[in-house]
Amino acid sequence: MHTTTELQAIATLAARRAGEHVLANLHRRGDVNSILRTDVKHKLDVEAQETAMSVILSAFSDHAILGEETCDAPLPKTDYLWIIDPIDGTINFFHGLPWWCCSVAVRYKGQAMAGAVFIPEMHQLYEATCDGPALCNGVPIHVSRTDRLDLAMLATGADKWDLGEHAFTFMRRVSEIAQRPRILGAAAVDMCMVAAGRLDGYFESGIYVWDMAAASLIVERAGGRCDVLKAYPKHRIAFLATNGCLHGACREALLPLLG
Ligand code: LIP
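Residues numbered from 1 in each chain as written. Predicted model: local features only at pLDDT ≥ 70, side-chain atom pairs only at ≥ 80, totals over all residues. Heavy atoms only, no water.

### Description of the pattern of salt bridges
Argument step 1. Tallied over the full model, the rule gives eight salt bridges.
Argument step 2. D31 is the partner of K43 in a salt bridge, and the nearest nitrogen-oxygen pair spans 3.4 Å. Placement of K43 in helix α2 (residues 43–59) and of D31 in the loop between α1 (4–23) and β1 (32–35) is noted, with a sequence separation of 12 residues between them.
Argument step 3. Look at K43 and you get partly exposed, because its relative accessible area is 31%.
Argument step 4. D31 sits in the partly exposed class, given a relative accessible area of 22%.
Argument step 5. Ionic pairing is found between R251 and D227, a salt bridge with its closest N-O pair at 2.9 Å. A residue pair is termed long-range when its members are at least 10 positions apart, and R251 in helix α7 (residues 247–254) and D227 in strand β13 (residues 225–231) qualify at 24 residues. (Salt bridge = Lys/Arg side-chain N within 4 Å of Asp/Glu carboxyl O. Helix = DSSP H or I, 4+ residues; strand = E, 2+ residues; numbered from the N terminus. Buried < 20%, exposed > 50% of the residue type's maximum accessible area, 1.4 Å probe, protein only.)

Following this line, the structure appears as structure tokens:
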């Protein structure tokens, strides 16, 4: 069995290298394979995933990798599963907003072992192992201590397969219960902000396992709580991450809306 330190080093290197590849190609922000009304398929997404995969496979050639760009490919049966979101917040990236990141996590027999989220244009690297503290740029971080929902700032998202109706139901509910709702457009970045105490919680009715695999471990190791509220086919989930104090209240308010 590999140590968490070994796994963390590779997760961090893979996320960093993927982000550096994208940073070196910022002049190609418009270089897409296709643009849909609700999504952008970016060439740098594919290249960043290949970059991260080559880091992982040169260290652990027999491990399985689930990546956003190859999510329909069959996975070999192994104890170790790496999960990559090469650019989380692709639409932000495409439009020139710095709120995007590269996310790499590793699970052993289904258990999160290590994760890294690199936010290149904000020069922030978040990391955690299952047995160590959550760090931002090497410094330990902690979730907020906000325990009143009406004084909390919660981020949510507009699920890309929901053409508005549900996203607005959740947005309205969050506006009714929290001090301020925000839609920032990159789930893993939002969750890192929960880990660092800059947001009090994050909820979205339809994200993917690769959006939360690394960031959820970072939130938990920073003292917060995460929950899959509902699981759908093809790695899609409704997900809640909070500072812990607000978890029960958020869950109670949002769960009934999932139907
Ligand atoms: C996106 C998220 C965004 C969310 C979308 C999508 P992508 O990830 O991070 O916040 O609203 O549902 O999952 O496609 O940019 O990796």
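What follows continues from the structure just given.
### As for the side chain of S205
Argument step 1. By secondary structure assignment, the location of S205 is in strand β12 (residues 201–208).
Argument step 2. Beyond its immediate stretch of four places on either side in the chain, S205 contacts D159, F170, Y232, I237, A238 and L258. (Contact = heavy atoms within 4.5 Å.)

### A closer look at the domain arrangement of the chain
Argument step 1. Assigned domains within the chain: domain 1 (4–140) and domain 2 (149–258).
Argument step 2. Each of domain 1 and domain 2 has a C-alpha centre, and the two are 20 Å apart.
Argument step 3. On the side of domain 2, 27 residues touch domain 1, which itself brings 38 residues to the contact.
Argument step 4. Summed over the shared surface of domain 1 and domain 2, the result is zero salt bridges.
Argument step 5. For the pair domain 1 and domain 2, the number of links is eight residue pairs in polar contact (both at pLDDT 80 or more).
Argument step 6. Taken together, the elements giving at least two residues each to the side of domain 1 that touches domain 2 come down to β4 (80–88), β5 (101–108), β6 (111–119) and β7 (124–129). (Domains from an automatic or database assignment. Polar contact = N/O pair within 3.5 Å; in protein donor to acceptor, adjacent residues only side chain to side chain.)

### A closer look at the state of the cysteines
Argument step 1. Tallying each qualifying case throughout the model produces zero disulfides.
Argument step 2. Cysteine C245 is unpaired, with the sulfur of C250 as its nearest cysteine sulfur at 11 Å.
Argument step 3. A residue is classified by how much of its surface remains accessible, and C250, at 1% relative accessible area, is buried. (Disulfide = S-S within 2.5 Å.)

### A few points about the environment of I218
Argument step 1. Inspection of the secondary structure puts I218 in helix α6 (residues 209–221).
Argument step 2. Residues I218 and C130, spaced 88 residues apart in sequence, show a C-alpha to C-alpha distance of 8.8 Å.
Argument step 3. Excluding anything up to four places from it in sequence, I218 contacts G115, V117, Y126, E127, A128, A134, I141, C192 and A195.

### Observations regarding the packing of helix α5 (residues 187–195) against α6
Argument step 1. In contact at an axis separation of 9 Å, α5 and α6 are set at 0° when each is read in the N-to-C sense. As the angle between them shows, α5 and α6 are arranged roughly parallel. Contacts between α5 and α6 involve A187, A188, M191, C192, V194 and A195 from the first element and D211, M212, A215, S216, I218 and V219 from the second.
Argument step 2. A breakdown of the residues in the contact of α5 with α6 according to their chemical character gives 10 nonpolar, one polar and one charged. (Axes fitted to C-alpha atoms, helices over the stretch in contact; angles between N-to-C directions. Parallel < 35°, antiparallel > 145°, perpendicular 65-115°, else oblique. Nonpolar A, V, L, I, M, F, W, Y, C, P; charged D, E, K, R; others polar.)

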